[in-house]
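# An overview of the molecular structure
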Amino acid sequence: MNFTDKLIAQRYNQDRLILLPINPNSSFAYWEITDKTLEKFGIDPKNVQLSFKLFDAANHEIVEFSSSFATGDYYINHESDHKSLYVKLFLNLGGELECILCSNIIAALQSTPKSIRDDLIYTSALLGEK
């Protein structure tokens, strides 16, 4: 283990889903779902199937992707004609998708920014909790 490994934790043991803008046609999502949350929904932490859906400001689904990792990241390619974007994380519970996390809302980039505004990035929270 080197010095950088000690500073950057692999897991923070907090449920989170974050969306960041990259350019007008792509965004970056990263997430962590704790074992405690997975077990609360009856999911084996070693056998996870997550679904994600990217939405625009009008709640239209833009793209869907999936992962079998409780902690991960994903580069999302999308059209550039959206004013804002957010992503939702779903668990497959008995054949039904249940949304458990919703990301922050970001302003979609219309062109390459000169600077990114701090007020466009928010933190996520587990749905149903304060």
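### Concerning the overall build of the chain
- Scanning the chain from terminus to terminus reveals 2 helices and 9 strands.
- N-terminal to C-terminal, the α/β element order of the chain is α-β-β-α-β-β-β-β-β-β-β.
- Burial status across the chain gives 38% buried among its 130 residues.
- Here the chain has roughly 8400 Å² of accessible surface; of this, 50% comes from carbon and sulfur atoms.

### What about the nonpolar core?
- In terms of nonpolar packing, the biggest core is built from 23 residues, with Leu 19, Ile 33, Leu 50, Phe 52 and Leu 89 touching the most fellow members.
- Elements that contribute at least two residues to this core include exactly strand 1 (16-23), strand 2 (26-32), strand 3 (50-56), strand 4 (61-67), strand 6 (84-93) and strand 7 (96-102).
- Here this core takes 4 residues from strand 6, the largest share from any one element.

### Focus: unusual backbone geometry
- Even without being a glycine, Asn 59 presents a positive backbone phi close to 65°.
- Tracing the backbone through its elements, the reader meets Asn 59 in the loop between strand 3 and strand 4.

### So, the sheet that holds strand 2
- Across the sheet, which stays open at both edges, the 3 strands sit in the order 1-2-5 with antiparallel pairing between neighbours. Every other strand in the sheet has two partners, leaving strand 1 and strand 5 (71-77) as the edge strands with one partner each. Taken pair by pair, the neighbouring strands of this sheet meet at an average axis angle of 15°, ignoring direction.
- As defined by bridge partners, strand 2 adjoins strand 5 across 7 bridges and the pair is classed as antiparallel. Considered in strand 5, the bridge of Ala 29 is made with Tyr 74.

### Quick notes on the packing of aromatic side chains
- A complete count under the given rule lists 7 aromatic pairs for this structure.
- Here the aromatic rings of Phe 28 and Tyr 75 are separated by 4.8 Å at their centres, their planes lie at 50°, and the arrangement is tilted. Of the two residues, Phe 28 is situated in strand 2 and Tyr 75 in strand 5; the sequence distance between them amounts to 47 residues.
- Given a relative accessible area of 54%, Tyr 75 falls into the exposed group.
- Plain terms: the ring middles of Trp 31 and Phe 65 are 6.4 Å apart, the flat faces sit at 45° to each other, and that makes the pair tilted. Within this pair, whereas Trp 31 is found in strand 2, its partner Phe 65 is found in strand 4, the two being separated by 34 residues in sequence. Each member of the pair, Trp 31 as well as Phe 65, is classed as buried.

### Concerning the confidence of the model for the chain
- Here the chain averages 83 in pLDDT, and 75% of its residues register 70 or above.
- Per-residue pLDDT, averaged within each element of the chain, yields its smallest value for helix 1 (residues 3-7) (54) and its largest for strand 3 (96).

Scoring rules and cut-offs
Residues numbered from 1 in each chain as written. Predicted model: local features only at pLDDT ≥ 70, side-chain atom pairs only at ≥ 80, totals over all residues. Heavy atoms only, no water. Helix = DSSP H or I, 4+ residues; strand = E, 2+ residues; numbered from the N terminus. Buried < 20%, exposed > 50% of the residue type's maximum accessible area, 1.4 Å probe, protein only. Areas by Shrake-Rupley, 256 points an atom, 1.4 Å probe, with all protein chains shown as cover. Core = buried A, V, L, I, M, F, W, Y, C linked by side-chain atoms within 4.5 Å. Pairing = 2+ DSSP bridges. Axes fitted to C-alpha atoms, helices over the stretch in contact; angles between N-to-C directions. Phe/Tyr/Trp six-rings, centres within 6.5 Å; stacked < 30°, edge-to-face > 60°. pLDDT = per-residue confidence, 0-100.

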